[in-house]
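So the chains spell out like this:
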Amino acid sequence: MNIESTIKMNTGNAIYQFGLGVWRSGEATKDAVLTALKLGYRHIDAAAIYGNEEAVGEAIRESGIPREELFITTKLWNQDMRDERVMEAFETSLKKLGLDYVDLYLIHWPVKDKYIKSYKVMEEIYKSGRAKAIGVSNFKIHHLEDLLSNTEIVPAVNQMEFNPQMQDNALVEFCNDKGIVFEAWSPLGSGACLENEEIKKIGEKYNKSVAQVIIRWILQKGIVVFPKSVHKERIKENADVFDFELTNEEIELINGMNKNIRTGADPDTFTF
Ligand code: NAD
């Protein structure tokens, strides 16, 4: 496994298993993405609501890395689903990114009574080639079952909060069974998982930080992960996870830390 390792999606295309998240990266986004790309990151997880698609696009262009070597995700925001402006929202994202296609376009949250209709527009976008894959985020099993029985294209990806204290393994299994790649958002619990003494102890054995052990744990579980940082040292540290391997016992120990505590909203009750 290395920074360019991939998982095959149901589209036939590959997704890099490791990347950079840019939620709340703000003014630092362009530098963070450029730093990451220079360090070998090739996958960026963006979203319209993060307000930094332009900065992501600038960093991509400045990096000089050929477009086909990169994997760029962005997401359709909830209000655009409510207003039924899916096509316009997608085109705005492409324009802000300065790209003529994205590698993955996701529904950000399962907006009630809107996500199926929205997904059908995304199916058209997929067929036009301007999104090489389409998928969802924050979909529980019941949302996926509803989507699968009412639309044509099986989502390539489901992106959900996943970290030591929040592990919905039934959902991971459901996605695996359906050929949907599972992506972990907030792998570090947005920072909340970083004080874990047991994980610290595992890290001492390998001379790795808590963040590195958690990232490695997610990678070894076959899940896609894109930790967020805007600091060069941490961006570097988070990618320095390919020279050690956790034992099955260590993986089991972290598996056992689930508390079903979300740092983010619950997909059944979110109000934004
Ligand atoms: P994360 O779990 O990756 O944690 C990031 C935070 O942890 C940083 O802000 C920093 O405070 C700290 N951190 C990072 N690296 C560290 C290190 N090496 N040492 C010490 N501290 C470190 O947080 P996140 O941003 O919530 O999640 C990652 C990405 O997931 C986001 O940027 C976004 O792309 C995606 N995401 C998606 C959704 C969704 O609804 N689909 C929601 C949240 C996040």
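Because the structure is a prediction, the values reported are computed rather than measured.

The environment of the ligand is made up of 26 residues, and the closest members are Asp 45, Ser 186, Leu 188, Ser 190 and Asn 238. Here a nitrogen atom of the ligand and a side-chain polar atom of Tyr 50 are 3.4 Å apart. Within the contact set of the ligand, a nitrogen atom lies 3.1 Å away from a side-chain nitrogen or oxygen of Glu 237. With the chains in place, 89% of the 820 Å² that the ligand exposes on its own is no longer accessible. Of all the elements, helix α10 (residues 232–239) adds the most residues to the shell around the ligand, at 3 residues. Taken together, the residues that form the shell around the ligand break down as 11 nonpolar, 10 polar and 5 charged.

This part covers the UniProt feature "site: Lowers pKa of active site Tyr" (unreviewed entry) in the chain. Per the UniProt record, "site: Lowers pKa of active site Tyr" (unreviewed entry) is annotated on Lys 75. Checked against the element boundaries, Lys 75 lands in strand β5 (residues 71–76). A polar contact of 3.0 Å, which involves the side chain of Lys 75, links it to the backbone oxygen of Ala 46.

This part takes up the packing of helix α4 (residues 86–97) against helix α5 (residues 115–128). Where α4 contacts α5, the axes come no closer than 9 Å and their chain directions differ by 50°. Looking at the two axes, α4 sits oblique to α5. Here α4 and α5 pass one another in a crossing that is right-handed. Facing α4, whose interface residues are Val 86, Met 87 and Phe 90, α5 presents Ser 118, Val 121, Met 122 and Ile 125. For the contact of α4 with α5, the residue count by class is 6 nonpolar, 1 polar and no charged.

What counts as what
- Residues numbered from 1 in each chain as written.
- Predicted model: local features only at pLDDT ≥ 70, side-chain atom pairs only at ≥ 80, totals over all residues.
- Heavy atoms only, no water.
- Near = heavy atom within 4 Å.
- Polar contact = N/O pair within 3.5 Å; in protein donor to acceptor, adjacent residues only side chain to side chain.
- Areas by Shrake-Rupley, 256 points an atom, 1.4 Å probe, with all protein chains shown as cover.
- Helix = DSSP H or I, 4+ residues; strand = E, 2+ residues; numbered from the N terminus.
- Nonpolar A, V, L, I, M, F, W, Y, C, P; charged D, E, K, R; others polar.
- UniProt positions renumbered as here; feature names shortened; annotations may be inferred.
- Axes fitted to C-alpha atoms, helices over the stretch in contact; angles between N-to-C directions.
- Parallel < 35°, antiparallel > 145°, perpendicular 65-115°, else oblique.
- Left-handed = near helix turned anticlockwise from the far one by under 90°.
- Contact = heavy atoms within 4.5 Å.

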